[in-house]
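# A structural walkthrough
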Amino acid sequence: MGLFVQAKSIAPVAVTVDATQVIVTEIHAAVAGTSTKPLSQIPARVKLPARPIYFNGRDARLNEIVALICVLVATRIAIMGPGGIGKTSLALAVLYDSRVIEVVGDHRFFISVEGMIDIDAASTHLANHLGLDASSDPLSSAIGYLQSLPRALLVVDNLETLWFSNNASACVDIEQFLSRLAEVSSLTLLITSRGAVPPDGVQWSNTQSAELAQLSLDAARDTFVQIATLPAESTEQAVLDTLLIELDCVPLAVTLLAKLAVRKNSPSDILRRWKKSRTKLFHTQGEHRLRSVDVSITVSLDLLKGMSRGVEAMQLLAVCAHLPDGLMRPVFEQLDENFGNIDAAKDMLVEFALVTVGAEGELKMLSPIRYFVLENHKMTDTHFDSLQQIYFDIAASAPQEPADDFTRRSTQFAPEYGNLTSFLLHLINSEEPSEKLFDAVHAVSEYAYCTMPSTTLREALLLRLTTQTAWRAECLQGLGRTRLRRDEYSHATDNLQAARRLFAELGNRYQEAACRFILGNCLQMQVLFDAAEAELRAGRDIFIELGYESDAAECTQRLGDICRRRGEYDQAIDHLTSARDTFKRHGERLYAAQCTRSIGQIQIGQGNLSAAGSDFQSALSEFEALGEQVGAAQCTQLLGEVRRQAFTRLGSRSDVAHCHWSFGLLYRDQYRKREALASFESARDIYEALGWQADVADCNSLIQNLRNLP
């Protein structure tokens, strides 16, 4: 039964409320004043990165952007330019500007998509940043929350990670991502990205001034002097100006070399070493200008390698470069035995401004530095092997549902998810697939299935599995399950059919039957009942032949659901009763209760109210005993429907009105506006006929409140 624990959650349930919609409507209700939960608690307030310490020469651009935000509600701003030009610093200065705070208040958000693999990862990151619960559609959840705010400012930083892709579909995805955010009328959207022209799909408010130029010489000089604490009238000012001109006044290059001056390296010393690196590319227009940061990084790294323990610091930097979310403290400590003095190496990297230390002690690199080091400085074999084993162990610890401590373990695991994804992708693309790599991809993908379903790792691995038929089959099966959970039915069907064929070729009949079971669910969701029935019957036959009665009962349960949806009620009851009996014999109380509830729904549809009431009461008791709150709530609602129909038959108009009233309250609490309105209106009409004016007034008040909701 273990393989089907997650697949069961996919089965259709008559009165399930989508979790994402609940989150969104809860926020809407808080804004409208009809929820008992304050908006401030719906999600928790998020923290912003620190404001820039050194900010020179950008006042004109800052004032221009602030003016747009203050005048236009739906402002769409792009800050473009080459790497290291100061795009993020300008965006942060906007976030902390007092005029912006006065307009937007605390609803200022900042996310970096650096290191994100795809738009799913970016959407998940945004939803997590806003404090929203896990959802199969995190972008819709985030948009729903942003729409509930009177004004908001969202900065999406380092967009080039996703936008500059050789994958055409990835470019379309990012344009759609931005377009959906831009549709939020109360949101000011600000992006930063390398390049000169903003992405399509959004009408940018500052198209003519989106590209950020280098600093003026005065601003670059002020920045260098402030960081290096040089005297205002230094005798080397002319040399400094020459150096800054050679740097093309690129902010990141200026900042990095100013950090070197703090270590008593004079502008003359730095300029000499700079010229040794040759800088002809600085005088070239076009894409070569982007390499200016590379040259500045090379100078920093050359100076670092000339220091005592500089080589070891470089080795640590190469490790950090593989981890976009930062080298976390636990991993740092595990690497200790592979370094002579890892703490001294870390201190040197921090001193040379090649890494920063985050709030949790993680070592993070600026993306230009990280990309440069990845390309030019490889890890030693010892460090690579050690990091690989550490992350294989972390992957093996990935929590899987339905463990009781899933939430606690997920909190511990989640900070490494981005690093794991990035590092595993590197292994997939650089090495022959191994059993350890396959197991790691499987574990991380299953964790993602339980939180924010992603196909990234399995898709990449599948491309490398050319001869490993068993691994291909498992990979395809996992992709099919994930895509089914993401409602990508067509792709899920293709993956599951391919997996089923491979398992059949391998003679793995149990997994072949498992694929047929999941495929039957997928086809049922597409209302392809005949095909779904064929798959479920074939899967059930195999399970019975192999002696797996509970698994066969799951297939029978799904066949009952299909018959119910077709209107074949007698056959549906036979299937569900048979499945329930099997589940009871094997102690599967949850699935037995689900069958009982489904039987009750058929009974109520046939007008057998007494039998339906008995079924719902029995299922309710089981759900409550098992702690299944959603199932219990559904049975409570269904018992109310039985009562309403019973009163209608008896002709007790006041009781019928009361039932309509109760259903209205229930639908309202479930954020089902249309059903709530219909119930309150039905109750009001009966109360009017009875002459109960106070009850009529109560109904009208509730109806008006509902109509005022968005």
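Rules used in this analysis
Residues numbered from 1 in each chain as written. Predicted model: local features only at pLDDT ≥ 70, side-chain atom pairs only at ≥ 80, totals over all residues. Heavy atoms only, no water. Phe/Tyr/Trp six-rings, centres within 6.5 Å; stacked < 30°, edge-to-face > 60°. Helix = DSSP H or I, 4+ residues; strand = E, 2+ residues; numbered from the N terminus. Buried < 20%, exposed > 50% of the residue type's maximum accessible area, 1.4 Å probe, protein only. Lys NZ or Arg CZ within 6 Å of the ring centre and 35° of its normal. Pairing = 2+ DSSP bridges. Axes fitted to C-alpha atoms, helices over the stretch in contact; angles between N-to-C directions. Core = buried A, V, L, I, M, F, W, Y, C linked by side-chain atoms within 4.5 Å. Salt bridge = Lys/Arg side-chain N within 4 Å of Asp/Glu carboxyl O. Contact = heavy atoms within 4.5 Å. Arc of directions from axis to C-beta.

Attention now moves to the packing of aromatic side chains. For the structure on display, the rule yields 11 aromatic pairs. A centroid spacing of 5.8 Å and a plane angle of 50 degrees characterise the contact between Tyr-391 and Phe-423, whose relative ring orientation is tilted. Here Tyr-391, found in helix α19 (residues 381–396), pairs with Phe-423, found in helix α21 (residues 417–430); they are 32 residues apart in sequence, far enough to count as distant. Of the two residues examined, Tyr-391 and Phe-423, each falls in the buried class. By the ring-pair criterion, three or more aromatic residues cluster together here, those being Phe-384, Tyr-391 and Phe-423. Across the ring face of Tyr-449, the terminal group of Arg-481 is positioned such that the distance to the ring centre comes to 4.3 Å. Looking at Arg-485, its charged tip hangs above the ring of Tyr-449, at a distance of 4.6 Å from the centre.

Turning our eyes to something else, we now look at the sheet that holds strand β2 (residues 108–112). Spatially, the four strands line up as an open sheet ordered β1-β4-β3-β2, and their pairing is parallel. Across the chains shown, the open sheet's two edge strands, defined by having one partner strand only, are β1 (76–81) and β2. On average, each strand axis in the sheet is inclined to that of its neighbour by 15 degrees, with strand direction left out of account. One ladder, built from five bridges, connects strand β3 (residues 152–157) with strand β4 (residues 187–194); its direction is parallel.

Turning our eyes to something else, we now look at the nonpolar core. Soluble globular proteins tend to bury their nonpolar side chains together. Within the largest apolar cluster, 111 residues are counted, with the highest numbers of intra-cluster contacts made by Phe-224 and Leu-316. Counting residues in hydrophobic clusters, the runner-up holds 36 residues, among them Met-116, Leu-139, Trp-163 and Ala-182.

With that out of the way, let us pick up the pattern of salt bridges. In the structure shown here, the tally under the stated rule is 26 salt bridges. As a salt-bridge pair, Arg-509 and Glu-545 come within 2.7 Å of each other at their nearest N and O atoms. In this pair, Arg-509 is assigned in helix α26 (residues 509–525) and Glu-545 in helix α27 (residues 529–546), connecting sequence segments 36 residues apart. Overlapping salt bridges, with partners in common, bring together Asp-120, Glu-459, Arg-483, Arg-486 and Glu-488 in one network.

In this fold, Ser-386 is placed in helix α19. Those residues within four positions of Ser-386 in sequence are excluded, and the remaining contacts are Leu-335 and Asn-338.

Moving on, we get to helix α17 (residues 342–351). Those residues of α17 that fall on the buried side of the exposure criterion are Ile-342, Ala-345, Lys-346, Met-348 and Leu-349. Taken down its axis, α17 places every buried residue within 160 degrees of arc, on the same side.

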